[in-house]
Amino acid sequence: KPAMQFEPDYESAFYLRCNYKDALGITRTLGEICEKQKVSIFSMLQAKGVDSFVVLVENCKSSAITKVAKELSEKDWCVGEPFVMPVVMDE
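Only a predicted model underlies this, so the values are computations on that prediction, with no experimental measurement involved.

Rules used throughout
- Residues numbered from 1 in each chain as written.
- Predicted model: local features only at pLDDT ≥ 70, side-chain atom pairs only at ≥ 80, totals over all residues.
- Heavy atoms only, no water.
- Salt bridge = Lys/Arg side-chain N within 4 Å of Asp/Glu carboxyl O.
- Helix = DSSP H or I, 4+ residues; strand = E, 2+ residues; numbered from the N terminus.
- Buried < 20%, exposed > 50% of the residue type's maximum accessible area, 1.4 Å probe, protein only.
- pLDDT = per-residue confidence, 0-100.
- Expected span 1.5 Å × (residues − 1).
- Contact = heavy atoms within 4.5 Å.
- Core = buried A, V, L, I, M, F, W, Y, C linked by side-chain atoms within 4.5 Å.
- Pairing = 2+ DSSP bridges.
- Axes fitted to C-alpha atoms, helices over the stretch in contact; angles between N-to-C directions.

A. Here's a closer look at the pattern of salt bridges. Following the criterion strictly, the structure yields three salt bridges and no others. Residues Glu-32 and Arg-28 are paired through a salt bridge, measuring 3.3 Å at the closest nitrogen-oxygen approach. One end of the pair, Glu-32, and the other, Arg-28, are both in helix H1 (residues 26–36), four residues apart, so they sit about a helical turn from each other. Judged by relative accessible area, which is 41%, Glu-32 ranks as partly exposed. Of the charged contacts in the structure, one is a salt bridge between Lys-70 and Glu-74, with a shortest N-O distance of 2.5 Å.

Structure (structure tokens):
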């Protein structure tokens, strides 16, 4: 029986929350960054009057969503670091 191994670049669905300053093209930019990192968006919520959006993404490597969060954090409209955590989604 093989020993249990830690996989630092695990695969999961992820929740990402990003705070922002209002600007044009945020949703487009998010989509382009996700596409570049081969991360598929499952859903997005952007509530009126709240300066943050939440994205659920389909299963991807943790390294890919980390790259998405890093690229978002470098945008002028991004406030602080995006929050990312793995989630369990029913298929």
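There is more to say after this.
B. Layout of the confidence of the model for the protein. Of all residues in the protein, 98% attain a pLDDT of 70 or more, and the chain-wide mean is 94. Considering each helix and strand of the protein separately, the mean pLDDT is smallest for strand E2 (residues 41–45), with a value of 96, and largest for helix H2 (residues 62–73), with 98.

C. Region of the structure containing H2. Between its first and last C-alpha, H2 extends 17 Å over twelve residues, near the 16 Å set by a 1.5 Å rise per residue. Restricting attention to buried positions, one finds in H2 the residues Ser-62, Ala-64, Ile-65, Val-68, Ala-69, Glu-71 and Leu-72. Residues of H2 that are buried in the fold lie against strand E1 (11–20), H1, strand E3 (52–61) and strand E4 (78–87).

D. Representation of the nonpolar core in the model. Counting residues in each nonpolar core, the largest one holds 20 residues, and the members touching the most others are Leu-16, Val-39, Phe-53, Ile-65, Val-68 and Trp-77. Breaking this core down by element, the ones donating at least two residues are E1, H1, E3 and H2. Broken down by element, this core gets its largest block of residues, five residues, from H2. The contact partners of Val-68, leaving out residues within four places of it in the chain, are Leu-16, Ile-33, Cys-34, Gln-37 and Val-39.

E. How the structure looks around the sheet that holds E3. Taken in spatial order, the four strands of this open sheet run E2-E3-E1-E4, and their pairing is antiparallel. Lying at the two open borders of the sheet, with one neighbouring strand each, are E2 and E4. The mean inter-strand angle of the sheet, taken between neighbouring strand axes irrespective of direction, is 20°. Packed onto the sheet, H1 meets E1, E2 and E3 and runs at close to 160° relative to E2. Along the sheet, H2 contacts E1, E3 and E4; its crossing angle with E4, the most-contacted strand, is approximately 165°.

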